[in-house]
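The residues making up each chain are set out below.
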Amino acid sequence: MEMKKHTTQIEHIATVLENETLAPGVVMLTLDTPLIATTAIPGQFVHVTCNQYLRRPLGIAGADPQAGTMQVGIQIKGEGTRDLASRRKGETLSVLGPLGSGFELDGVEALIAVAGGTGLFPLSFLLEYAKQRGMRIAAFC
Ligand SMILES: Cc1cc2nc3c(=O)[nH]c(=O)nc-3n(C[C@H](O)[C@H](O)[C@H](O)COP(=O)(O)OP(=O)(O)OC[C@H]3O[C@@H](n4cnc5c(N)ncnc54)[C@H](O)[C@@H]3O)c2cc1C
């Protein structure tokens, strides 16, 4: 039987480089994750440790391969996201990823994207990725 090859799923110890408040209860963390920054594609997510027993899933909101950074947007819902949103510059987090298949964009020339709520975070990665590749874009939020 042929074994299906999985995409890279590695644990990274990521340093928080920036914690920016976007709105009350909503923050954007910039993390030092060189491997994720160079391999992630839009639509993928990461699993991040917090003060709760289980990791919390967060969509990848941006990746900068040159800087070796990724971004995750957090809307505070319960204790886990409250803890993650409170993390400050210099603190470290265990990040598992990139996870999920992401969007298949090879050969795509025009994109219509629709998102709401925390779906806006991965949308921002998708739009930046599409813009850099010269795709025509319409986004509905
Ligand atoms: C693939 C994926 C990607 C995601 N991406 C993002 C993202 O980019 N950004 C983002 O902000 N979120 C994202 N989420 C959602 C995020 O993971 C959840 O909001 C987070 O896991 C909640 O964890 P928490 O500990 O903060 O809340 P929890 O404590 O788990 O609570 C979640 C909700 O359940 C309610 N709740 C908890 N316990 C009870 C109870 N006993 N009775 C009734 N209600 C209860 C809480 O009030 C809260 O509204 C994503 C989720 C998935 C699956």
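Since we're looking at a predicted model, the values are computed, not measured.

Caption draft 1: Looking closely at the pattern of salt bridges. A complete count under the given rule lists five salt bridges for this structure. With a closest N to O distance of 3.6 Å, Arg55 and Glu11 form a salt bridge. With Arg55 in the loop between strand S3 (45-48) and strand S4 (56-64) and Glu11 in strand S1 (residues 10-23), this pair connects stretches of sequence that are 44 residues apart. The residue Glu91 makes a salt bridge to Arg87 at a minimum N-O spacing of 3.6 Å. A residue is classified by how much of its surface remains accessible, and Arg87, at 15% relative accessible area, is buried. Among the ionic contacts, a cluster of salt bridges with common partners joins Asp83, Arg87 and Glu91.

Caption draft 2: Structural view of the site of the ligand. The full set close to the ligand counts 14 residues, and Arg56, Pro57, Gln75, Gly80 and Thr81 are the nearest of them. Within the backbone of Gly73, an N or O atom sits 2.9 Å from a nitrogen atom of the ligand. Gln75 is positioned such that a nitrogen or oxygen atom in its backbone is 2.8 Å from an oxygen atom of the ligand. Of all elements in the fold, only S4, strand S5 (69-75) and helix H2 (79-85) reach the threshold of two or more residues within the shell around the ligand. If one sorts the elements of the shell around the ligand by residue count, S4 sits on top with four residues. Partitioning the shell around the ligand into residue classes produces four nonpolar, seven polar and three charged.

Caption draft 3: Structural view of the environment of Leu93. Mapped onto the elements, Leu93 comes out in strand S6 (residues 92-99). What makes Leu93 buried here is its relative accessible area of 2%. Linking Leu93 and Thr118, residues 25 residues apart in sequence, is a C-alpha distance of 20 Å. Ignoring anything within four residues of it in the chain, the contact list for Leu93 reads His12, Ile13, Ala14, Val16, Leu29, Leu31, Val48, Thr49, Leu84 and Arg87.

Caption draft 4: Focus on the sheet that holds S3. An order of S1-S2-S5-S4-S3-S6 is seen for the six strands of this closed barrel, with the pairing classed as antiparallel. The sheet shows a mean angle of 45° between the axes of neighbouring strands, taken without regard to direction. Across seven bridges, S1 lies against strand S2 (residues 26-32) in antiparallel orientation. Bridge assignment links Thr15 to a residue of S2, and that residue is Asp32. Where helix H3 (residues 120-132) meets the sheet, it contacts S1, S2, S4 and S5, and its direction lies at approximately 25° from that of S4.

Cut-offs and rules
- Throughout this document, residue positions are counted from 1 along each chain, in the order its sequence is written.
- Confidence filtering applies because this is a predicted model: local features only for residues at pLDDT of at least 70, side-chain atom pairs given and counted only at 80 or more, and all residues used for totals across whole chains, interfaces and linings.
- For side-chain calculations, the full set of non-hydrogen atoms in the structure is used, while hydrogens and water are omitted.
- Criterion for a salt bridge: a side-chain nitrogen of Lys or Arg within 4 Å of a carboxyl oxygen of Asp or Glu.
- Each helix corresponds to a stretch of at least 4 residues labelled H or I by DSSP, and each strand to a stretch of at least 2 residues labelled E; elements are numbered beginning at the N terminus.
- Under the scheme applied here, a residue whose accessible area is under 20% of the maximum for its type counts as buried, over 50% as exposed, and between as partly exposed, the area being computed with a 1.4 Å probe on protein chains only.
- Consider each residue's heavy atoms; a residue with any of them within 4 Å of a molecule or strand counts as near.
- Counting of polar contacts relies on pairs of N or O atoms within 3.5 Å, with two restrictions inside protein: one atom must be capable of donating a hydrogen and the other of accepting it, and residues adjacent in sequence are counted only when both atoms are side-chain atoms.
- Amino acids outside the nonpolar list (Ala, Val, Leu, Ile, Met, Phe, Trp, Tyr, Cys, Pro) and the charged list (Asp, Glu, Lys, Arg) are all regarded as polar, and Gly is one of them.
- Should any heavy atoms of two residues lie within 4.5 Å, those residues are considered in contact.
- For two strands to pair, DSSP has to find at least two bridges joining them.
- Whenever a helix is involved, its axis is fitted only over the stretch in contact; in every case the axis is a line through C-alpha atoms, and angles between N-to-C directions fall within 0 to 180 degrees.

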